[in-house]
Each structure stands twice: as C-alpha cells, then as structure tokens.
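Close look at the chain arrangement
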Amino acid sequence: MAHLLPFFLWIPFIGFLLSLFEFRKKEFILSTIAIVTTSVHLTGVITFILFWLWKANPTLDIKHIVLYKAGNMEIFIGFYFDKITAVFAFVGSLLTFVVAIFSRSYLHREQGFKRFFSTLLLFFLGYNFIIFSGNFETLFVGWEILGVCSFLLITFYRDRYLPVKNGLKVISIYRLGDIGLMLAMWMSHHLWHENITFLKLTDVQLVTQHIQEHNGYVLFIAWMIVIAAAVKSAQLPFSSWLPRAMEGPTSSSAIFYGSLSVHLGIFILLRTYPYWESITIIKIVVILTGIATSIVTINIAKVQSSVKSQIAYSSIAQIGLMFVEVALGFHIIALIHFTGNAFLRTYQLLVSPSVLSYQIHDMFFNFSPKKQVDKSSFLSRLNNSFYILSVKEWNLDFILYRFLWTPFKWIGKKLGFLNRKLFVFLIIVLYLTGVFCNSFYTNIPYDAFKFFPYIFSLIGLMLIIRSFAERGNAIWAWIFAVTGELFIVTSIVFLNENFGCHQMLIYLSGSAISAIVGFVCLQKINRIDNDIDLNQFHGYVYERPVIAFIFFLSCLGLIGLPITPTFIGVDLLFNHIHKHEEIVMIFIALSFTLIEIAVLRIYARIFLGQHKKPYHVIAYRSS
C-alpha cells in the first residue's frame, strides 16, 4: 500500500500544471480542472482509507526519491501514513473540493479567476506534501509552498493597498515559523547524524535514549517546533496575522485561514509528539500558550466589527484548546475537534456575505440598547478594561512590529552610510581577501583564519538588513540582498572544509541565475519612466505582467524555495554548520529570515498596489 502514497501528490501536481498552462483563461475549463482534480483526489483518499482500515490500519512509510547523497548525508522525499494523516487528508480533500465548486460561481468574471484556481491547486499540492510527509525535509517543501500561496491569495486584489500590505505582514510572521522549522531540522541532523523519519520518532526506546544523551539540544529542537506550530496556527503572541489574512477572497479565507492551513500547527505537534512528550517544560508551555490564546482571542472576537475577523479570532480560540488537548495526550479528541472546527469555519466563512446582510437587517429592526449598569463596581471597571484591550486587539500588531522588525529597520537606517562607492569597495576588497585567504589558509595562522566565518556571516547579515531597510532604488536593494547571500554562502565555505565546490554549485545554480534574471527585470522596469523607488507602490503588473511573473519566480529562486536546486543547497548549508557554532547560526538564520521579506517587499512595491498612472482604474485604499 505504501507505494500508492506518492499518487496523492501527483494528482494535485498534474492539476496545477494543467491549470497553469491553460492560456485561454476559460472559466469553465479552469474551474473544471480544479473540481475534477479535487474530486479524483477525494475519491482516492476515501478508497485508500477504507482499504487501509480493512488491512487493520498499518503504519505506512516509504522513501520515494533521494535528492542528494554524500557520505552519511542523505536528503530524500519520504511519505508516511497513519491515523493523523488519514484525518487530515480526508478533511483537506473534501473541503478543497467544496471550495472549488463554490468558487466557480463566487469568482465568476473576476479578473484573477485563473490566478485563484492555479494558486488553489498549488496550495492543495503543498498541503498534501505536509500531511503525507515522512520526514522534516518533505514537510518543509509543503511548508514553503503554503507560505508562498498565502502571500499570493492575500494579495489577490493586488490593486488595493491593504491586501498587499497585509500580505507582506503575514509572510513576515510566517518566516519566523519557517526559520523555527529550519533550525529544528539543523539540530536534528547533527544529533541523529541522519535525515530522521517520523517513523523512527515513534520508537520509544530510541527516542528516550536520545533525549538522555542530548537533553539540552533536544529541548532546543522542541522549542523550535513549538514556535513553528504557534506561528502557523496564529497562537499568542502571533495571533494578529490571521484576521489580516482575510483580505483575500472569501473562498480562500475559508480554505486557508478557516480550515486547513491554520490547523497545520496542530498537525506538526501531533506528528512530533513522541519527541517532546517526556519534556515537561515544553508540555507546560504548549498548555499555557493554548489557554492564554483562547482567553484573549475569544474576547477579541466578541468586539470585532468585521464578520471575517470575528470568525478568525474564534477559530484561533478553538485551536488554542486543541494545543491543550495535544499536550495532554488526548489526540483522538484533538482530531475530532480539528474536524469539527474546520467544517464549521469553512461553512461560516462561505456564508458570511449573506449572514452579514441578515445581521444588519435584524439590527435595524430589532436593536435594543443594554440597560444601564453601575459603572463604579470593580467588576464593571474590569470588564470595561478587557473591552478596551480587546478592541485594540491587545496591541499584538504593535508589539510584534516594535520588538521584531523595528530594531532591524533602525540598524538598516544606521547602515545608510553604506553608499554605492563604499559598497563596491567593500565587496571587492573584503570578498577577494577572504577568497584569497581561504585558498592559501595553510600559510595563515589558525587564530586569524577562524574569525573569517563570523566576519563574513556578519557582513552578509548587515547587507541583507541594508536591503530590508532600503527605501530608495529597488535595484540597489536587490544588489544588497544578492551580495549578502553570497557572503553567507562563502562563510560556510570557510567554516567547513567538507563543504565542497560541487555543493556550492548546487546552491548557486538556482540563486545565481535568479539574481541575474531579477536584476534584468528591474532594469527593464526602470527604463519605462526611470522610477523604481521603494517608498510607494507602482503597480507595474498591469503593464508588464510577464516581467512581474518572471521577477516573482526570481524572488522564489533567490530565497531557496523548492523550484530550483537552491532548495537542496539551503539544506546542505545548514548541515555544514556545527551545533557548537551558535553565533554563525544566529547570523545565518536572521539572514534567511530577512532576505525573503526584503525581496518580496521589492516585488510588492514595484509590481503590486495601485498603479501610479491615472489612466488605470484606482481601487479604494481599503478593501
């Protein structure tokens, strides 16, 4: 049976390709491709689960494709199937099928009809990568695909200000979860000395011995997994991104942020539970996070004026309870809870436009003010305080912005002295000096040479921060990001003599081409009216949709998403950083966090938003 698992990924992948290359943009054909794809997948899932139950529900595990192998290092795509996969696969397939049918009529004559259905099928592919994954690498492929799809669907109405702005906000917070998962993978590789599978994590004796030998490092991995889960499921303090994500179409809000994507934090906690179930502090943190999130968000939901935001916060509150259920070991209850919440939120979001009109009608004819209460009582003052805090959404947006991104923007502004001449001097002198020293390091004292990885990784981070904070020319922001990434890769070469040229070529084969193509795209846009300033949105996607698409692919290739060999190169980079080299790891993790935000901000500012020329239709500032 295990050899059938890859077909559940091939089905949405083929559907996505058919949708992508349907150039006629016929609504009936595009929607039919999505509906047929999801219906075939749903039929296959139901048939497979029934046969699996008839065979006494064995745990299935298969190594499908080996992407890279050198010594004891092996990067492969593996698949896994158990009761958790069965529940998530059935719910995901059924709800995607329902949303595909609903969207055929809901998005009729919408300008982005093709974009929506292509993105929906890409999302469905990424979702199946996650739930059928047999190891962290396979899960991370789907994790990255879902992040990109989130950005595309939130910015679906790309001529409006708020969808584009909120899309950047969401992808910024998502990136924290991505890095948490990458760090967990990095440390896991060094502790297990292999690409550990989820099947091996169910071996109690093996895991117990492993925890006893590496207690501190295991705690770090568990922390990173919890952070990744909390970000993905919008738990405190990351809860504010979910209602911001509702700027997309109602159908995408239903499938993404009401039912499937937002519950993947629960999935990763369930999948890795054997690894952290014996770590008491982690279980306490998960329980407290879930309880605090439920209490705060249910109060926020009660005072929301937007029905979609109200549903979003209500869903977060329920997911907080699921966190508690998972930590306490009530996994069957958590799966039932997930199923019920996913169906309920999908239904609520799909009917929300109609319900809103009914509610307004009811309030118009049946509204009656509350009776006056004694405002001097302690409980009344406490209630009013909670009300004000809930209206302000507990300042969660401000807290994240103030303590996460403002420091990097401040540093980036201080790096404003790094002008073009100084930048060229820095690159030529420092980089060539470093390469020369690496080539002849046998003649250089070790005490002097050992600082090179730290210097180069710090320079790379500074350049990427400079790109992140750049508000001037987009071409120079792109150059700063590309050069910073080059310094990061070079620091790994200095750090580990086992990182060979062929491994560096695997990384650069995708990122170097993406860097050149992206630079050419920006140059072409700059020739139009000599204005690609990052202080405003330009909306060039209207006049240059092909260049916009190519530049977006360049962004994805540069940051190492699974469309080029750079994705494998990123894994190789992290594997060559030793577990005792924490400072270099911090610099590189921060660099990978900021570079995605920096390049996607360039894409959003240049190609999305309201078009700068008055002969185009200008959307309202807010949706």
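By size, the foremost hydrophobic cluster in this structure holds 193 residues, and its most contacted members are Trp-241, Ile-606 and Phe-607. If you look at the next biggest cluster of nonpolar residues, it comprises seven residues, including Phe-456, Ile-459, Trp-476 and Phe-480.

Per the stated rule, a full pass over the model turns up seven salt bridges. A salt bridge links Arg-271 to Asp-82; the nearest nitrogen and oxygen atoms lie 2.8 Å apart. Placement of the pair is Arg-271 in helix H12 (residues 264-271) and Asp-82 in the loop between strand E2 (73-81) and helix H3 (83-106), with a sequence separation of 189 residues. Judged by relative accessible area, which is 12%, Asp-82 ranks as buried. Between Asp-397 and Lys-169 there is a salt bridge, with the nearest N and O atoms lying 3.6 Å from each other. With a gap of 228 residues between them, Asp-397 in helix H18 (residues 396-414) and Lys-169 in helix H6 (residues 161-192) connect regions that are remote in the sequence. For Asp-397, a relative accessible area of 24% puts it in the partly exposed group.

The subject of this paragraph is helix H26 (residues 582-607). When the terminal C-alpha atoms of H26 are compared, their 38 Å separation across 26 residues agrees well with the 38 Å that a helix rising 1.5 Å per residue should span. Counting buried positions along H26 yields 22 of 26 residues, so the element is predominantly enclosed. Phi turns positive, to about 85°, at Gly-609, one or two residues after H26.

Here we take up the state of the cysteines. This model, assessed by the stated rule, comprises zero disulfides. Here Cys-521 is not cross-linked by a disulfide; its sulfur's nearest cysteine counterpart is in Cys-555, at 9.0 Å.

With that settled, the discussion passes to unusual backbone geometry. Residue Pro-237 is bonded to the preceding Leu-236 through a cis peptide linkage, with omega at 0°. Following the sequence through the fold, Pro-237 ends up in the loop between helix H9 (215-232) and helix H10 (241-244). With a phi close to 35°, Asn-57 is a non-glycine residue in the positive phi region. Note on placement: Asn-57 falls in the loop between helix H2 (27-54) and strand E1 (60-70). Asn-57 gets classed as partly exposed once you look at its relative accessible area, which sits at 41%. A positive phi is found at Arg-109, a non-glycine position, where the angle reads about 65°. Relative to the elements of secondary structure, Arg-109 occurs in the loop between H3 and helix H4 (113-131).

Among the structural elements, Ile-279 can be located in the loop between helix H13 (273-276) and helix H14 (280-302). In sequence terms Ile-279 and Val-218 are 61 residues apart; their C-alpha atoms lie 9.1 Å from each other. Ignoring anything within four residues of it in the chain, the contact list for Ile-279 reads Val-218, Leu-219 and Ala-222.

Turning next to H3. Across its 24 residues, H3 extends 34 Å between first and last C-alpha, which sits within 8% of the 34 Å expected from 1.5 Å per residue. If you check the start of H3, you find a side-chain oxygen 3.2 Å away from the backbone N of Ile-84, and it comes from Asp-82.

One water molecule sets the probe size; rolling that probe over the atoms shows where empty space is left. Evaluated as defined, the whole model comprises four cavities of 30 Å³ or more. Within this model, the largest cavity holds a volume of roughly 90 Å³. Together, Glu-137, Phe-140, Met-182, Met-185, Trp-186, Phe-567, Val-570, Asp-571 and Phe-574 line the largest cavity. Of all the secondary-structure elements, those providing two or more residues to the lining of the largest cavity are helix H5 (136-154), H6 and helix H25 (566-575). Taken together, the residues that form the lining of the largest cavity break down as seven nonpolar, no polar and two charged.

Before going further, it helps to examine the packing of H25 against H26. Orientation of H25 relative to H26, taken along the N-to-C sense of each, is 160°, at an axis distance of 11 Å. Put simply, H25 runs roughly antiparallel to H26. In terms of crossing hand, the pair formed by H25 and H26 is left-handed. Contacts from Val-570, Leu-573 and Phe-574 in H25 reach Met-585, Ile-588 and Phe-592 in H26.

Analysis parameters
- Residues numbered from 1 in each chain as written.
- Predicted model: local features only at pLDDT ≥ 70, side-chain atom pairs only at ≥ 80, totals over all residues.
- Heavy atoms only, no water.
- Core = buried A, V, L, I, M, F, W, Y, C linked by side-chain atoms within 4.5 Å.
- Buried < 20%, exposed > 50% of the residue type's maximum accessible area, 1.4 Å probe, protein only.
- Salt bridge = Lys/Arg side-chain N within 4 Å of Asp/Glu carboxyl O.
- Helix = DSSP H or I, 4+ residues; strand = E, 2+ residues; numbered from the N terminus.
- Expected span 1.5 Å × (residues − 1).
- Disulfide = S-S within 2.5 Å.
- Contact = heavy atoms within 4.5 Å.
- Polar contact = N/O pair within 3.5 Å; in protein donor to acceptor, adjacent residues only side chain to side chain.
- 1 Å grid on protein atoms, 1.4 Å probe; cavity = no way out; pocket = protein on both sides within 12 Å on 5 of 7 lines; lining within 4 Å.
- Points joined across faces, edges and corners; volume = space filled by probe spheres on them.
- Nonpolar A, V, L, I, M, F, W, Y, C, P; charged D, E, K, R; others polar.
- Axes fitted to C-alpha atoms, helices over the stretch in contact; angles between N-to-C directions.
- Parallel < 35°, antiparallel > 145°, perpendicular 65-115°, else oblique.
- Left-handed = near helix turned anticlockwise from the far one by under 90°.

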